[in-house]
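Coordinate analysis (summary)
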Amino acid sequence: MSQSIIAKRYADALFQLGKEKAKLEQFESELVTLRDVFRGNKEIISFLNHPRFSMGQKKKFVSDSFQSFSAEIVNTLKLLVERHREEIIVDMIGFYIEMMNDAKGIADADVYSVRELSEAEKQRISETFAPKVGKQSLNLTNIVDPSILGGLRLRVGNRIFDGSVSGKLRRIERKLVSANNR
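Residues numbered from 1 in each chain as written. Predicted model: local features only at pLDDT ≥ 70, side-chain atom pairs only at ≥ 80, totals over all residues. Heavy atoms only, no water.

1. Quick word on the overall build of the protein chain
- Helix and strand content of the protein chain: eight helices and four strands.
- Counted from the first residue to the last, the protein chain has its helices and strands arranged as α-α-α-α-α-α-β-α-β-β-β-α.
- Taken against the 2.2 N^0.38 rule, which gives 16 Å for 182 residues, the C-alpha radius of gyration of the protein chain at 22 Å runs more than 25% over that of a compact globule.
- Burial analysis of the protein chain (182 residues in total) assigns 38% to the buried set.
- Contacts in the protein chain between residues far apart in sequence, at least 24 positions, make up 63% of those at least 6 positions apart. (Helix = DSSP H or I, 4+ residues; strand = E, 2+ residues; numbered from the N terminus. Rg over C-alpha atoms; globule rule 2.2 N^0.38 Å. Buried < 20%, exposed > 50% of the residue type's maximum accessible area, 1.4 Å probe, protein only. Contact = heavy atoms within 4.5 Å.)

This is the structure in structure tokens:
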């Protein structure tokens, strides 16, 4: 079974548990912090994978390091360590956040522009395009890309909205080439 499928199952179980205990938001904020910790400190995964340390030492490390977190999150981490699934922790957190965003009607999107966009511009883009993809808002990541020449290119999941100058030029080129081939 792929790591991705396993990570998704753990995220789903944690999401259901959060729903039952009305702790979805709390879990999300704890998991975001946890993701930052694991991304910023690769030695944690190395330690948790290391065969020289006993399972008891690893679980104690998890309990001590994350004692301010809810018992459900700590127990999930211990379970992942026990089952030698440390590598999927960051992926599992990503899937959980995705589920939360879906529940809130939020989608992640990349917006490509020739310059950094202001918060007001990002807000207008979110308000304009969120209804087009069936969401209430978009969580935008601005990527500066001078090759688009002007305008914007927006990617939401597998949908792309291309209003860039370079995109328009490519479309004109295709029309001209197809007209000449007739």
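What follows picks up the thread again.
2. A short note on the nonpolar core
- Within the largest apolar cluster, 31 residues are counted, with the highest numbers of intra-cluster contacts made by Leu34, Phe38, Phe66, Met92 and Tyr96.
- Elements that contribute at least two residues to this core include exactly helix H1 (3-20), helix H2 (24-40), helix H3 (43-49), helix H5 (71-82) and helix H6 (89-104).
- With eight residues, the single largest contributor to this core is H6.
- Those residues within four positions of tyrosine 96 in sequence are excluded, and the remaining contacts are Ala11, Leu14, Phe15, Leu24, Phe27, Glu28 and Leu31. (Core = buried A, V, L, I, M, F, W, Y, C linked by side-chain atoms within 4.5 Å.)

3. Quick notes on the packing of H1 against H5
- Taken N-terminus to C-terminus, the directions of H1 and H5 make an angle of 160 degrees; their axes are 11 Å apart at the nearest point. Of the possible angle classes, the one that applies to H1 and H5 is roughly antiparallel. You can see that H1 and H5 cross each other, and the crossing is right-handed. Contacts from Tyr10, Leu14 and Leu17 in H1 reach Glu72, Ile73, Thr76, Leu79 and Leu80 in H5.
- Of the residues belonging to the contact of H1 with H5, the class tally is six nonpolar, one polar and one charged. (Axes fitted to C-alpha atoms, helices over the stretch in contact; angles between N-to-C directions. Parallel < 35°, antiparallel > 145°, perpendicular 65-115°, else oblique. Left-handed = near helix turned anticlockwise from the far one by under 90°. Nonpolar A, V, L, I, M, F, W, Y, C, P; charged D, E, K, R; others polar.)

4. Digging into the packing of aromatic side chains
- For the structure shown, the criterion picks out six aromatic pairs.
- Ring geometry for phenylalanine 129 versus phenylalanine 161: centroids 5.1 Å apart, planes at 55 degrees, classification tilted. Of the two residues, phenylalanine 129 sits in helix H7 (residues 119-129) while phenylalanine 161 sits in strand S4 (residues 159-162), which places them 32 residues apart along the sequence.
- By relative accessible area, which is 18% here, phenylalanine 129 ends up buried.
- Among the aromatic side chains, those forming a connected cluster through ring pairs are Phe38, Phe66 and Phe69. (Phe/Tyr/Trp six-rings, centres within 6.5 Å; stacked < 30°, edge-to-face > 60°.)

5. Quick word on the environment of methionine 55
- With respect to the secondary-structure elements, methionine 55 resides in helix H4 (residues 55-65).
- The exposure class assigned to methionine 55 is partly exposed, which follows from its relative accessible area of 25%.
- Those residues in contact with methionine 55, other than ones at most four positions away along the chain, are Val81, Glu82 and His84.

6. Regarding a nonpolar patch on the surface
- Taken together, the side chains of Leu149, Val165, Leu169, Ile172 and Leu176 make up a nonpolar region of the molecular surface, amounting to roughly 470 Å² of accessible area.
- Residue position: valine 165 is located in helix H8 (residues 165-180).
- Note on valine 165: relative accessible area 36%, which makes it partly exposed. (Patch = residues over 30% accessible without salt bridge, like charges linked within 9 Å, V, L, I, M, F, W, Y side chains within 5 Å. Areas by Shrake-Rupley, 256 points an atom, 1.4 Å probe, with all protein chains shown as cover. Salt bridge = Lys/Arg side-chain N within 4 Å of Asp/Glu carboxyl O.)

7. Thoughts on unusual backbone geometry
- If you check the backbone angles, alanine 22 has positive phi at about 55 degrees while not being a glycine.
- Tracing the chain through its elements places alanine 22 in the loop between H1 and H2.
- Look at leucine 149: it is not a glycine, yet its phi comes out positive at around 70 degrees.
- Relative to the assigned elements, leucine 149 resides in the loop between strand S2 (137-144) and strand S3 (153-156).

8. Some details on the sheet that holds S2
- Across the sheet, four strands lie side by side as S2-S1-S3-S4; this open sheet has mixed pairing. Only two strands of the sheet have a single partner each, and these edge strands are S2 and S4. Within this sheet the neighbouring strands show an average axis-to-axis angle of 20 degrees, counted without direction.
- Where strand S1 (residues 106-113) and S2 come together, eight bridges link them in parallel fashion. Considered in S2, the bridge of valine 111 is made with asparagine 142.
- Where H7 meets the sheet, its contacts fall on S1, S2, S3 and S4, and the angle it forms with S2 comes to roughly 130 degrees. (Pairing = 2+ DSSP bridges.)

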